[in-house]
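Report on the structure
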Amino acid sequence: MANKLISEIGLPKSIANIFAARNIVTAKDALSLTEFQLMELLDVGWAEVTSAVAHISAIVCPPYQSALSLMEQRVKNEHLAGHLPTGLKGLDEALCGGIPFGVLTELVGPAGIGKTQFCLKLSLLASLPSSYGGLDGHVIYIDVESKFSSRRLIEIGAKSFPEIFLMKGMAKKMSGRILVWRPASLSEFTERLQQIKVSLHQNEVKLLVIDSMAALVSGFSRFGSIFKEIKSTISLALPIVFPKSLPLPSIANFTDWAHSRECEQGIPRQHPLGWHVSFIKSLAEFSRIPIVVTNQVRSQSSDEACQFSFQEMEGNQGGSCKIWFSSCCCFGSSLGSCCNNPSCSRG
Amino acid sequence: MEVGRLPISASQRGKLISAGYTTLSSLSSLSPSDLALDLRISDNEAAEILKVASLGSRLDEPEGGRAIVNGAQTAWDMLHEDEMFPRITTSCLDLDNILGGGINCKEVTEIGGVPGMGKTQLGIQLAVNVQIPVDYGGLGAKAIYIDTEGSFMVERVLQIAEACIEDMTECNGLLRKDFQAGQLKMHPNNILENIFYFRVCSYTEQIALTNYLDKFISEHKDVKVVIVDSVTFHFRQDFDDMALRTRLLSGIALKLMKLAKEHGLAVVLLNQVTTKYIEGSFQLTLALGDSWSHSCTNRVILYWNGNERYAYIDKSPSLRSASAPYSVTSKGIRNSASTCKRIRMM
């Protein structure tokens with residue numbers, strides 16, 4: 001809506017021509033200037049400028065709905081008023097039915113807690129027919145860390161829903177609905193995201209899983225690519241030879257080392273995934289599907305910011321606040337809803 | 001130059017100055033046709049300029065008869081007016097106390113905090129509480145909820161609305177008031193019906209909506225609170241031109257303040273938090289920079305103190321700086337109880 005052309009808005013001819021003459025083509029251009037700037041630029045009076053701006057604003061402005069009609073619409077048109085039930089009774093109750101549609105849900109936890117397993121189960125649930133509580137649709141699984149295991153997926157399916165999975169051809173059909181993609185770089189991921197937007201509608205995709213977001217940042221750094229190489233080599237069970245000159249740490253804490261090297265370069269002004277998260281959010285809203293992303297937990301060093309200026313004056317009343325931050329901590333505010341794994345443990 | 005202050009277009013101003021009219025008094029005794037001849041413009045245009053000039057000069061007159069300055073009020077009148085406008089309760093007694101009774105109408109209040117503090121919850125609670133009928137001490141008005149992040153959950157609004165009605169019915173029972181109206185006839189759906197929801201997807205839409213609100217509120221006169229959740233979101237990503245950002249934000253702030261004043265409603269802006277390097281260390285501060293800090297009348301910061309949620313009045317012309325604990329429960333925002341703590345990641 002922001003890029004609506006001024007010529008299509010229906011302003012009176014005279015003022016529309018003046019806008020065009022001054023190269024103000026879209027509504028965004030016009031609204032990015034204050035009324036005084038417009039007066040100077042277009043050389044028209046105050047009344048004319050305000051009425052033109054009011055007209056443009058009224059057209060570009062998003063429509064409104066009452067909260068009631070919003071609710072009724074969702075109850076009528078969507079599965080369980082817009083929720084994907086996870087099968088965990090307590091969680092479904094807390095989430096008012098299940099993973100919500102149209103927003104980004106983040107699964108956070110330390111390594112080994114079961115984030116990928118959760119994603120596998122959700123993918124399965126989304127592909128099930130509606131008679132079994134599923135969404136009867138396709139799933140796009142973006143597997144950044146190469147953790148997807150189709151064998152495990154079939155095992156989960158066979159154990160949880162034996163009636164369907166042991167039927168002839170059903171296992172193939174269900175797992176056939178899950179598309180797994182492994183991006184090789186951040187730019188590839190960016191490109192593919194935009195393609196996904198187009199294909200969402202056509203392919204009846206009902207769930208998008210990104211496992212994991214943290215790896216997109218650290219995994220695609222210049223050290224991370226080396227790590228990915230090593231990891232894929234390990235999976236091929238080939239011996240790895242480290243040249244003596246390369247001071248690589250042990251594999252176990254490679255990601256931490258890579259991450260700490262990044263931090264040494266200074267805190268970046270804007271998060272590298274800022275655009276991506278916004279895009280994924282808009283994707284979720286526009287297509288009204290649930291999108292699940294996983295994130296990692298890192299500990300925070302105590303000299304980093306965790307207080308407001310007035311708190312220091314009051315004195316540390318509650319003791320030092322140790323906050324567990326994920327690597328994408330600044331996304332917390334931009335993610336639609338945050339899902340904390342209830343059985344999280346300090347790893 | 002006095003003529004420079006008039007809200008006329010640049011070319012008209014240029015013509016006036018080159019024709020020798022620099023002060024408003026030089027225009028006061030002219031007829032439109034004379035001016036038109038002098039400046040070589042149409043009669044209508046000249047009449048417009050003279051009208052604007054006469055308005056301008058009236059403001060400058062030292063003794064104007066009834067009022068010294070057009071449109072001003074005495075402080076005494078303002079005090080009485082303040083008493084007429086009830087405040088919007090937040091359903092948490094401690095929080096209401098530090099706010100002087102609740103969120104004030106006719107003012108812009110900014111509420112900021114780290115993610116997970118309960119800003120959206122507070123926004124939803126206010127959207128519900130503004131609808132509390134006048135008999136129960138509320139405003140009996142409607143709400144506008146502007147969502148820029150997509151964090152508005154309808155199920156949650158329903159939960160909070162049901163809890164609010166429950167509280168009111170309880171209050172009804174306790175006080176045993178014999179209102180002619182009888183039982184409380186509100187249903188949660190009525191509450192949902194009175195919340196106007198706008199979903200804004202870019203900063204252009206946000207500016208357009210702020211411009212459009214004036215017209216909308218003139219058509220829906222019973223709206224008494226506008227909640228923007230959050231005002232920061234579209235201005236934080238992908239904004240390279242910081243000067244433009246500051247201009248746009250101050251434009252929005254001014255329009256919202258005008259809206260609040262003219263229509264007597266409360267504007268609540270929810271803000272996010274960022275880190276800033278002050279005095280040798282990194283500290284948390286509300287986003288959008290220093291110039292934005294001046295745009296709001298009141299500022300409330302939500303923060304964690306140990307395991308409890310606290311609200312702190314950071315800036316206000318009439319309230320003192322104070323902290324108050326609050327909690328987010330299944331019923332919405334309520335008083336802090338010792339059991340309502342942050343879930344430990346243990």
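None of the values given here were measured: they were computed from a predicted structure.

A few words now on the pattern of salt bridges. Residues and elements named next belong to chain A. Throughout the structure, instances matching the rule amount to ten salt bridges over all chains. For Glu78, the salt bridge identified is with Arg288, shortest N-O distance 2.9 Å. Placement of Glu78 in the loop between α5 (67–77) and β2 (83–84) and of Arg288 in the loop between α15 (274–287) and β8 (291–298) is noted, with a sequence separation of 210 residues between them. You can call Glu78 buried: its relative accessible area is 17%. Residue Glu155 pairs with Arg152 through a salt bridge whose shortest N-O separation is 3.4 Å. Of this pair, Glu155 and Arg152 both sit in helix α8 (residues 150–160), separated by three residues, roughly a single helical turn.

For the rest of this paragraph, the subject is the domain arrangement of chain B. Considered domain by domain, chain B is made up of domain 1 (3–64) and domain 2 (78–345). Computed over C-alpha atoms, the centres of domain 1 of chain B and domain 2 of chain B are 45 Å apart.

Residue and element names in this part refer to chain A. Following the sequence through the fold, Ile18 ends up in helix α1 (residues 13–21). Note on Ile18: relative accessible area 25%, which makes it partly exposed. Sequence separation between Ile18 and Asp43 is 25 residues; the distance between their C-alpha atoms is 8.8 Å. With residues near it in sequence (within four places) discarded, Ile18 still touches Leu42 and Val44.

Residues and elements named next belong to chain A. Model confidence for chain A is summarised by a mean pLDDT of 74, while 72% of its residues fall at 70 or above. Every residue in residues 244–269 is under pLDDT 50, and counting partners more than four places away or in other chains gives 25 contacts. Every residue in residues 316–347 scores below 50 in pLDDT, and together they form 79 contacts with partners more than four places removed in sequence or on other chains.

The rules behind these values
- Residues numbered from 1 in each chain as written.
- Chains lettered and ligands numbered in written order.
- Predicted model: local features only at pLDDT ≥ 70, side-chain atom pairs only at ≥ 80, totals over all residues.
- Heavy atoms only, no water.
- Salt bridge = Lys/Arg side-chain N within 4 Å of Asp/Glu carboxyl O.
- Helix = DSSP H or I, 4+ residues; strand = E, 2+ residues; numbered from the N terminus.
- Buried < 20%, exposed > 50% of the residue type's maximum accessible area, 1.4 Å probe, protein only.
- Domains from an automatic or database assignment.
- Contact = heavy atoms within 4.5 Å.
- pLDDT = per-residue confidence, 0-100.

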